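# Secondary and tertiary structure notes
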Amino acid sequence: MTEAVLLSLRNVSIAFGGLQAVRDVSLEVPAGTLSALIGPNGAGKTTLFALMSGFLRPDTGRIIFDGQDITGHAPQRNALTGMVRTFQIVQPFAAQTVRENIAVGAHLREPRRAAALAAADAVAERVGLASQLDKPAADLTVAGRKRLELARALAARPKLLLLDEVLAGLNPQEVAQMLPVVREIASRGVTVLMIEHVMQAVMNLAGQVWVLSQGELIARGSPAEVTADPRVIEAYLGHGTASRLARQAA
Amino acid sequence: MKRDLLRIAAFAFVVAALAALVDSGVWLTFIMMSLYGALLALAWNILGGFGGQFSFGHALFFGCGAYAQAIAQVSLGINPWLALVLAVAVAAAAGVGVGALSFRYGLKGSYFALVTLAFAEVFRILAVSVGFTGGGVGLMVPLRESAGNLQFGSRRGYIGLVLGFAVAALVVTAWLRHSRFGARLQAVRDNEDAARAIGVDPFRTKLGAIVLSAAFTGSAGAFYVQVFQYLDPSIAFGAHVSVEALVGAIVGGMGTLWGPIVGALALHTLAELTRNLFGQMPGINLVIYGVVLVAIVMFVPRGIAGIARRRHD
């Protein structure tokens, strides 16, 4: 049985001025999986997310989501089709309460206010924000804001959730609290693609990992495979490191 | 929503009762002009307070409504009640035009403010140069007092009219607080990219807001024409209307239901006081507006309604 592909990128590239931020990236995200996109800082991960979700339009290449060519579609249109992203730098609607924030997401599929607010309560329960529903979003801690970012996206009932570093800036205890939340989302049938630097989380959660370095995909495989890949080690630690480490180990 | 509507009904009842009980012409005029200021501020608040799009050129919509009202009566002989509908429609259409142009190209913040200001100025100059506006001489609406002609012998008739518009604007504002459209509008105000990511179309949302805002501003313009029966380009498209609309909303509290009412009342009280204290110095109220605005922005950036809310928390 072949798994259905939910999102596929075909030879996607984008340059900013002289900088080739993403170069000829092709990948396929199977439906129902939890995968991760990793890579050193500046590798182009967030740019790739912006391309997938429609915030940026690729110079070349196609993006196909759920069997539909969505290259160049606006993010709001993609959200309606079922792809929702979160932001690495959290973007709360600061003047509004947690409940109102989440309800904006719920309104994507629910025109009635009361029903959207009820849906917001239910989503808050899932991500552990139930006790803070009436707080202004601006008063949340970093961990709270990350949960809010997740909740708002989740309320939009996506098929594919793009999580941009939802664990960044959290302490180990907060990371440990967040992992089951992400796992629960995936277990309910939402396909999740996450950018993550916290390797503990990647090893723990992801079935498949792509490694991006300087705008190019340099590896893909299980977490164990990619972390053993010499090209990945070199991308993170510098040219020649893999062989040096191998010599030292010998 | 229900609670907001009850409060609005109570407000309408109190104002109507006051207008019925008060006999002095000075006080009736005060009530009328405060409501007129409140209508402008409420209209501006829909786009500026809930949508975060700060227009410096609401005079554009005011002037379009006012000229439509005046021209329809004077030149086309249309009944003023019908002209009122036309005036609101013309102002709303101007909102579509300005909104489509500026939001299509993603103008925000000071750029949007400047574009609206520029539009109002262009229209002011056009109104001077073209024929059907009466040019710099202006348009005079002939005096024919009757309710059917939308001209009232007493201020009370006009108070009823402007109260009706203000209540409608309040109901729309209450709806913004409790509806999907309002939630999306505030989301766009607070963070456009985050709103896009969860499926909000900022263009359509902001366009909806500017149309509502323009329509109510146009109704204020039409009201002005009926009350004062005279219109010229600088009354219609001059900066003072734009300033009155935005200062009322900012002083009262942007993005709140009652802020524009409170702000307009405070400003009109202040204007009356300064007029009594400083005699007939022209433009003194604008100077006062400036000082009040600076003080509000410095000390109570969330407006008078913002203080009340903070106490409440």
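Note that this is a predicted model, so its numbers are computed, not measured.

## Some thoughts on the overall build of chain B
On a plain count of helices and strands, chain B comes out with 14 helices and two strands. Radius of gyration (C-alpha) of chain B: 19 Å, near the 20 Å computed for a compact globule of 313 residues. Across chain B, contacts joining residues at least 24 apart in sequence account for 77% of those joining residues at least 6 apart.

## Thoughts on the overall build of chain A
For chain A, the count of helices and strands is ten helices and ten strands. Taking 2.2 N^0.38 as the reference for a compact globule, 250 residues should give roughly 18 Å; the C-alpha atoms of chain A span a radius of gyration of 19 Å, in line with that estimate. Projecting the C-alpha coordinates of chain A onto the three principal axes gives extents of approximately 60 × 45 × 40 Å. A total of 250 residues make up chain A; the buried ones form 47% of that total.

## As for the interface of chain A and chain B
Counting from both sides, the interface comprises 25 residues of chain A and, opposite them, 18 residues of chain B. Elements that contribute at least two residues to the side of chain A that touches chain B include exactly helix 2 (75-81), strand 6 (83-85), helix 3 (98-106), helix 4 (113-127) and helix 5 (142-155) of chain A. Here the side of chain A that touches chain B is built from residues that sort into 15 nonpolar, six polar and four charged.

## Overview of the environment of Lys-45 of chain A
Residue and element names in this part refer to chain A. Secondary-structure assignment places Lys-45 in helix 1 (residues 45-53). Classification of Lys-45 as buried rests on a count of 26 C-beta atoms within 10 Å. Ignoring sequence-local partners within four residues, the contact set of Lys-45 consists of Leu-37, Gly-39, Ile-195 and Leu-212.

## Observations concerning the nonpolar core
Counting residues in hydrophobic clusters, the biggest one holds 180 residues, and the most contacted among them are Leu-39 and Val-162 of chain B. Those residues within four positions of Leu-39 of chain B in sequence are excluded, and the remaining contacts are Val-162, Phe-165, Ala-166, Ala-169, Phe-216 and Ala-220 of chain B.

## Some words on the packing of helix 3 (residues 59-74) of chain B against helix 5 (residues 109-129) of chain B
All names here are of chain B. Where helix 3 meets helix 5, the closest approach of the two axes is 8 Å, and the angle between their N-to-C directions is 35 degrees. Across from Ala-59, Leu-60, Gly-63 and Tyr-67 in helix 3, the residues of helix 5 making contact are Thr-116, Phe-119, Ala-120, Phe-123 and Ala-127. In terms of residue class, the contact of helix 3 with helix 5 is built from seven nonpolar, two polar and no charged.

## A short note on the pairing of strand 7 (residues 160-164) of chain A
All names here are of chain A. Of all five residues making up strand 7, five are buried, and the element is well covered by its neighbours. On strand 7, burial covers both faces: Leu-160, Leu-162 and Asp-164 on one face and Leu-161 and Leu-163 on the other are all buried. Direction of pairing for strand 6 relative to strand 7: parallel, over a ladder of three bridges. Paired with Val-84 across the strands is Leu-161, a residue of strand 7. Summarising the sheet, strand 7 and strand 8 (residues 191-195) pair through five bridges and their orientation is parallel. Looking at the pairing, Leu-163 lines up with Met-194 of strand 8. For the crossover from strand 7 across helix 6 (residues 172-187) to strand 8, the handedness is right-handed.

## Structural notes on the sheet that holds strand 6 of chain A
Residues and elements named next belong to chain A. A sheet is described by the order of its strands in space; here six strands give the open sequence 6-7-8-3-9-10, paired in mixed fashion. The sheet is open, and its two borders are formed by strand 6 and strand 10 (216-221), each paired with just one other strand. For this sheet the average axis-to-axis angle between neighbouring strands, irrespective of direction, equals 15 degrees. On the sheet, helix 1 packs against strand 3 (34-38), strand 6, strand 7, strand 8 and strand 9 (208-213) and is oriented at approximately 150 degrees with respect to strand 7.

## Comments concerning the packing of helix 2 (residues 25-48) of chain B against helix 6 (residues 155-177) of chain B
Residues and elements named next belong to chain B. One can describe the packing of helix 2 onto helix 6 by two numbers: an axis separation of 9 Å at closest approach and a directional angle of 25 degrees. In this view, helix 2 runs roughly parallel relative to helix 6, as classed from their interaxial angle. In this structure, helix 2 meets helix 6 at a crossing whose hand is left-handed. Residue classes in the contact of helix 2 with helix 6 are distributed as 20 nonpolar, four polar and two charged.

## Remarks on the confidence of the model for chain A
Interpreting fine coordinate detail is not advised for predicted regions of low pLDDT. Of all residues in chain A, 99% have pLDDT values of 70 or greater, and the mean over the chain is 91. Highest mean pLDDT in chain A belongs to strand 6 of chain A (96); lowest belongs to helix 10 (residues 241-249) of chain A (80).

## Side note on unusual backbone geometry
Residues and elements named next belong to chain A. For Asn-11, which is not a glycine, the phi torsion comes out positive at approximately 50 degrees. Along the chain, Asn-11 falls in strand 1 (residues 5-16). Positioned with a positive phi, Glu-165 is a non-glycine residue whose angle comes to about 50 degrees. Structurally, the position occupied by Glu-165 is in the loop between strand 7 and helix 6. Given 22 C-beta atoms within 10 Å, Glu-165 falls into the buried group.

## Details of the pairing of strand 10 of chain A
Residues and elements named next belong to chain A. Bridge analysis of strand 9 against strand 10 gives five bridges, and the strand direction is antiparallel. Across the sheet, Val-209 pairs through a bridge with Gly-221, a residue of strand 10. Connecting strand 9 to the next strand, strand 10, in antiparallel fashion are two residues, including Gln-214 with a positive phi near 50 degrees.

## Section: helix 3 of chain B
Relative to the 22 Å expected for 16 residues at 1.5 Å per residue, helix 3 of chain B spans 21 Å between its end C-alpha atoms, a close match to the ideal helical length. A large share of helix 3 of chain B lies buried, amounting to 15 of its 16 residues.

## Looking at the environment of Phe-299 of chain B
The residue Phe-299 of chain B is located in helix 13 (residues 284-299) in this model. Each C-alpha atom of the pair Phe-299 of chain B and Val-128 of chain B lies 41 Å from the other, and the pair is 171 residues apart in sequence.

## Observations concerning the confidence of the model for chain B
All names here are of chain B. Mean pLDDT over chain B stands at 91; residues scoring 70 or higher make up 97%. Element-level mean pLDDT values for chain B span from 67 in helix 14 (residues 303-312) up to 97 in helix 9 (residues 202-228). Note on the complex model: pTM 0.91, ipTM 0.89.

Here is what the cut-offs are and how they apply
- Think of each chain on its own: its residues are numbered from 1, step by step along the sequence as written.
- By the order in which they are written, chains take letters starting at A while ligands take numbers starting at 1.
- In keeping with the model being predicted, local features are shown solely for residues with a pLDDT of at least 70 and side-chain atom pairs are shown and tallied solely at 80 or more, while totals for entire chains, interfaces and linings include all residues.
- A run of DSSP states H or I qualifies as a helix once it reaches four residues; a run of E qualifies as a strand once it reaches two. Both are numbered from the N-terminal end.
- Only C-alpha atoms enter the radius of gyration, while the globule expectation follows 2.2 Å times N to the 0.38, with N the number of residues.
- Note on contacts: each residue gets a C-beta atom placed from the backbone, and two residues are in contact if those atoms are within 7 Å.
- Every C-beta atom is placed from the backbone, and the number of other C-beta atoms within 10 Å of a residue's own sets its class: buried at 20 or more, exposed at 12 or fewer, partly exposed in between.
- Polar here means any residue outside two lists: the nonpolar Ala, Val, Leu, Ile, Met, Phe, Trp, Tyr, Cys and Pro, and the charged Asp, Glu, Lys and Arg; Gly therefore counts as polar.
- When buried Ala, Val, Leu, Ile, Met, Phe, Trp, Tyr and Cys residues are joined through C-beta atoms within 7 Å, the set is termed a nonpolar core.
- Each axis is a line fitted through C-alpha atoms, and for a helix only the stretch in contact is used; angles between axes span 0 to 180 degrees, taken between their N-to-C directions.
- Strands pair, by our definition, only if DSSP identifies at least two bridges between them.
- For the handedness criterion, the strands are oriented away from the viewer, and a crossover whose path from the first strand over the helix to the second runs clockwise is classed as right-handed.
- The labels follow the angle: roughly parallel below 35 degrees, roughly antiparallel above 145, roughly perpendicular from 65 to 115, and oblique for the rest.
- In a left-handed crossing the near helix is turned counterclockwise from the far helix by less than a right angle, and in a right-handed crossing that turn is clockwise.
- Here pLDDT means the predictor's own confidence in every residue, given as a number from 0 to 100.
- Here a helix's expected span is defined as the number of its residues, less one, multiplied by 1.5 Å.

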